[in-house]
Amino acid sequence: QVQLAESGGGFVQAGGSLRLSCAASGSILSIGTMAWYRQNSGKERELVAGITSGGTTDYADAVKGRFAISRDNAKNTVHLQMNSLKPEDTAAYYCNAEVRDRYYKWRTYWGQGTQVSVAS
């Protein structure tokens, strides 16, 4: 079994910064792409940023230039540095990872979510 544990959410004023972290643990042979998604009530979950095992990154247009995703392959962690936060960034943020487990099967795992609230 694989678990993703997120941390770093919270409340911040518009223009502020937060850093989200996600640590993967369990029966892990390797991790492929790691990503952050977000979801507001009544809306579909959307991709915020993703990073491959080789370090190639991708961002949603809404966060380009403000957010930065990074990972530490040795520690099985992924981070999301969020700067210049806006009220529309308010959402539950979910960590996502493609993991090859001890059975050599690739599976997608999700964290439990961490709330980010940005006040205007």
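Just so it is clear, the model here is predicted, and its values are computed rather than measured.

A.B. asks: Can you help me understand the sheet that holds strand S8 (residues 77-82) in this one?
C.D. replies: What holds strands together in a sheet is hydrogen bonding between their backbones, with the strands either parallel or antiparallel. Within the open sheet, the four strands sit side by side as S1-S3-S8-S7. Their pairing is antiparallel. Of all strands in the sheet, those with a lone pairing partner are strand S1 (2-7) and strand S7 (67-72), marking the two edges. In this sheet, adjacent strand axes meet at a mean angle of 15° when their direction is disregarded. Both S1 and strand S3 (residues 18-26) contribute to a ladder of six bridges, which runs antiparallel. Residue pairing for S3: Ser-7 is matched across the bridge by Ser-21.

A.B. asks: Hey, could you run me through the state of the cysteines in this one?
C.D. replies: Simply put, the disulfide is a covalent bond whose two ends are the sulfur atoms of two cysteines. Under the counting rule described, the total for this entry stands at one disulfide. Cys-22 shares a disulfide with Cys-95; S-S distance 2.1 Å. The sign of the -80° torsion about the S-S bond sets the Cys-22-Cys-95 disulfide as left-handed. Taken together, the positions of Cys-22 in strand S3 and Cys-95 in strand S9 (residues 91-101) put the pair 73 residues apart, joining distant regions of the chain. Judged by relative accessible area, which is 0%, Cys-95 ranks as buried.

A.B. asks: Hey, could you run me through the environment of Trp-36 in this one?
C.D. replies: In this fold, Trp-36 is placed in strand S4 (residues 28-39). For the pair Trp-36 and Gly-10, spaced 26 residues apart in sequence, the C-alpha separation works out to 16 Å.

A.B. asks: I tried to follow the side chain of Asp-89 on my own but got confused; where do I start?
C.D. replies: When you line up the elements, Asp-89 lands in the loop between S8 and S9. Each residue touching Asp-89, except ones within four places of it in the same chain, is listed here: Arg-38, Arg-66, Phe-67, Ser-84, Val-116 and Val-118.

The rules we used
Per chain, the residues get numbers from 1 upward, laid out in the order the sequence is written. Where local features are concerned, this predicted model is filtered to residues with pLDDT of at least 70; where side-chain atom pairs are given and counted, the filter is 80 or more; whole-chain, interface and lining totals use all residues. With hydrogens and water stripped out, all remaining heavy atoms of the structure feed into the side-chain values. Here, strands pair whenever DSSP counts at least two bridges between them. Where helices and strands are cited, they refer to DSSP runs of H or I of at least four residues and of E of at least two residues respectively, numbered from the N terminus. All axes are obtained by fitting lines to C-alpha atoms, using only the stretch in contact for helices, and the reported angles, taken between N-to-C directions, cover 0 to 180 degrees. Cysteine sulfurs are considered disulfide-paired once they come within 2.5 Å of each other. Classification of residues uses two cut-offs on accessible area relative to the type maximum, computed with a 1.4 Å probe and protein chains only: under 20% is buried, over 50% is exposed, and between them is partly exposed. Contacts between residues were defined by any pair of non-hydrogen atoms, one from each residue, lying within 4.5 Å.

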